Amino acid sequence: QSAAMGSEEGFNVADKAIKAASNAGTWVLLKNVHLAINWLSELEKKLYGMNPQQNFRLFLTMEFNPRIPPNLIRLSRVYVFEPPSGVRASLRRSFAQVLPADRTDRQ
């Protein structure tokens, strides 16, 4: 399951998805959690109180924000993906993901 954060509806969907996945041992992806910094503090408390199935996984995508709870980061495996610097490099990366190589100038 996945949920996009940033609205009240997103919080409710995320809470239900986390509860269901922790009981079933499935995975949940929460996108753009940097839009819900206050909710992340609540999530941290919930994670400490959970007794999830062994295969339960919670994935969070976010942009950097200094207000992200540090303990949540410590509990996590953090992967950082930085976009290429510059407009040209960024456009090439975007087009490479959308267009096949024969439709661009790059082979």
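Residues numbered from 1 in each chain as written. Predicted model: local features only at pLDDT ≥ 70, side-chain atom pairs only at ≥ 80, totals over all residues. Heavy atoms only, no water.

For the rest of this paragraph, the subject is the nonpolar core. One finds Met-5, Ile-18, Val-28, Leu-30, Trp-39 and Leu-40 to be the most contacted residues of the largest nonpolar core, which totals 18 residues. Taken together, the elements giving at least two residues each to this core come down to α1 (8-24), β2 (27-31) and α2 (37-49). The greatest single-element share of this core, amounting to 5 residues, is contributed by α1. In this structure, Trp-39 is in contact with Met-5, Phe-11, Ala-14, Asp-15, Ile-18, Leu-30 and Lys-46, ignoring residues within four places of it in sequence. (Core = buried A, V, L, I, M, F, W, Y, C linked by side-chain atoms within 4.5 Å. Buried < 20%, exposed > 50% of the residue type's maximum accessible area, 1.4 Å probe, protein only. Helix = DSSP H or I, 4+ residues; strand = E, 2+ residues; numbered from the N terminus. Contact = heavy atoms within 4.5 Å.)

This part takes up a nonpolar patch on the surface. A cluster of nonpolar side chains, contributed by Ile-73, Val-78 and Val-80, occupies part of the molecular surface with about 280 Å² of accessible area. As for its placement among the helices and strands, Ile-73 is situated in helix α3 (residues 70-74). The exposure class assigned to Ile-73 is partly exposed, which follows from its relative accessible area of 40%. (Patch = residues over 30% accessible without salt bridge, like charges linked within 9 Å, V, L, I, M, F, W, Y side chains within 5 Å. Areas by Shrake-Rupley, 256 points an atom, 1.4 Å probe, with all protein chains shown as cover. Salt bridge = Lys/Arg side-chain N within 4 Å of Asp/Glu carboxyl O.)

Turning next to the pattern of salt bridges. Under the definition given, this model contains 1 salt bridge. Lys-46 serves as the salt-bridge partner of Asp-15, at 2.7 Å between the closest nitrogen and oxygen. Here Asp-15, found in helix α1, pairs with Lys-46, found in helix α2; they are 31 residues apart in sequence, far enough to count as distant. On the accessibility criterion, Asp-15 (25% relative accessible area) is partly exposed.

Here we take up the confidence of the model for the protein. The predicted model of the protein has a mean per-residue pLDDT of 84, with 88% of residues at 70 or higher. Ranking the helices and strands of the protein by mean pLDDT puts strand β3 (residues 57-60) first, with 92, and strand β1 (residues 2-4) last, with 72. (pLDDT = per-residue confidence, 0-100.)

This brings us to the environment of Pro-66. Looking at where Pro-66 falls in the secondary structure, it is placed in the loop between β3 and α3. Expressed as a C-alpha distance, the spacing of Pro-66 and His-34, which sit 32 residues apart in the sequence, is 9.7 Å.

Attention now moves to α1. Owing to its 3.6 residues per turn, the α-helix brings residues three or four apart onto one side. Between its terminal C-alpha atoms α1 stretches 24 Å, which fits the 24 Å expected from 17 residues at 1.5 Å a residue. If you check which residues of α1 are buried, you get Gly-10, Phe-11, Ala-14, Ala-17, Ile-18, Ala-21 and Ser-22. Down the axis of α1, the sector holding all buried residues measures 135°, keeping them to one side. Exposed residues on α1 whose side chains face more than 90 degrees from its buried face are Glu-8, Glu-9, Lys-16, Lys-19, Asn-23 and Ala-24. Once α1 finishes, Gly-25 follows within two positions and takes phi at roughly 75°, a positive value. (Expected span 1.5 Å × (residues − 1). Arc of directions from axis to C-beta.)

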